[in-house]
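Residue-level structural notes
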Amino acid sequence: MSVVKVTPPRPADADVALLEDVVGYLNFSSGTSDHRFLSGLDRLFRSIERQVPSEQAIGVLGHWLNKTVTRLEGASGPFADTTQARAVASLITDKLLKA
């Protein structure tokens, strides 16, 4: 069986703001549980699952996170170093998707 690559949907404007919050948490957090972060992830998953089959949701989330990190690291200021957020996004796309 061949695998067909599908272009992930683009995030809605509200999702872009959530992605920025999530990437900020991933980049600057020490790992402490945070209600706002978890709520943001939940909202992103619900948005993604309205657009693609649920088995593709984690891949789309990983794609969106990587795109957001890339966009934000191009700006100066607090996102000049996105090492931690990039590492977490890579875990999602490189490890979690293969599990």
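To keep things clear, this report deals only with the structure shown in the data block. (Residues numbered from 1 in each chain as written. Predicted model: local features only at pLDDT ≥ 70, side-chain atom pairs only at ≥ 80, totals over all residues. Heavy atoms only, no water.)

Our focus in this paragraph is the overall build of the protein. When you go through the protein residue by residue, the secondary structure sums to four helices and zero strands. Each helix (α) and strand (β) of the protein, taken in turn from the N terminus, gives the series α-α-α-α. Taken over 99 residues, the protein has a buried fraction of 32%. Residue pairs in contact within the protein that sit at least 24 positions apart in sequence constitute 60% of those at least 6 positions apart. Of the roughly 6500 Å² of accessible surface on the protein, 56% is carried by carbon and sulfur atoms. (Helix = DSSP H or I, 4+ residues; strand = E, 2+ residues; numbered from the N terminus. Buried < 20%, exposed > 50% of the residue type's maximum accessible area, 1.4 Å probe, protein only. Contact = heavy atoms within 4.5 Å. Areas by Shrake-Rupley, 256 points an atom, 1.4 Å probe, with all protein chains shown as cover.)

Before going further, it helps to spend a moment on the nonpolar core. Judged by nonpolar contacts, the single largest core of 22 residues is most densely connected at Val22, Val23, Leu26, Leu44, Ile48 and Leu65. Residue assignment for this core shows that the elements contributing at least two residues are helix H1 (13-28), helix H2 (35-49), helix H3 (57-73) and helix H4 (83-96). With seven residues, the top contributor of residues to this core is H3. (Core = buried A, V, L, I, M, F, W, Y, C linked by side-chain atoms within 4.5 Å.)

Attention now goes to the pattern of salt bridges. Across all of its chains, the model carries four salt bridges by this definition. The partner of Arg36 in a salt bridge is Asp21, and the shortest N-O contact between them spans 3.1 Å. With Arg36 in helix H2 and Asp21 in helix H1, the pair connects residues that are 15 residues apart, well separated along the chain. Classification of Arg36 as exposed rests on a relative accessible area of 60%. Overall, the relative accessible area of 39% leaves Asp21 in the partly exposed class. In this structure, Glu73 engages Arg86 in a salt bridge whose closest nitrogen and oxygen atoms are separated by 2.8 Å. Of this pair, Glu73 sits in helix H3 while Arg86 sits in helix H4; the two residues are 13 residues apart in sequence, bridging distant segments of the chain. You can call Glu73 partly exposed: its relative accessible area is 31%. (Salt bridge = Lys/Arg side-chain N within 4 Å of Asp/Glu carboxyl O.)

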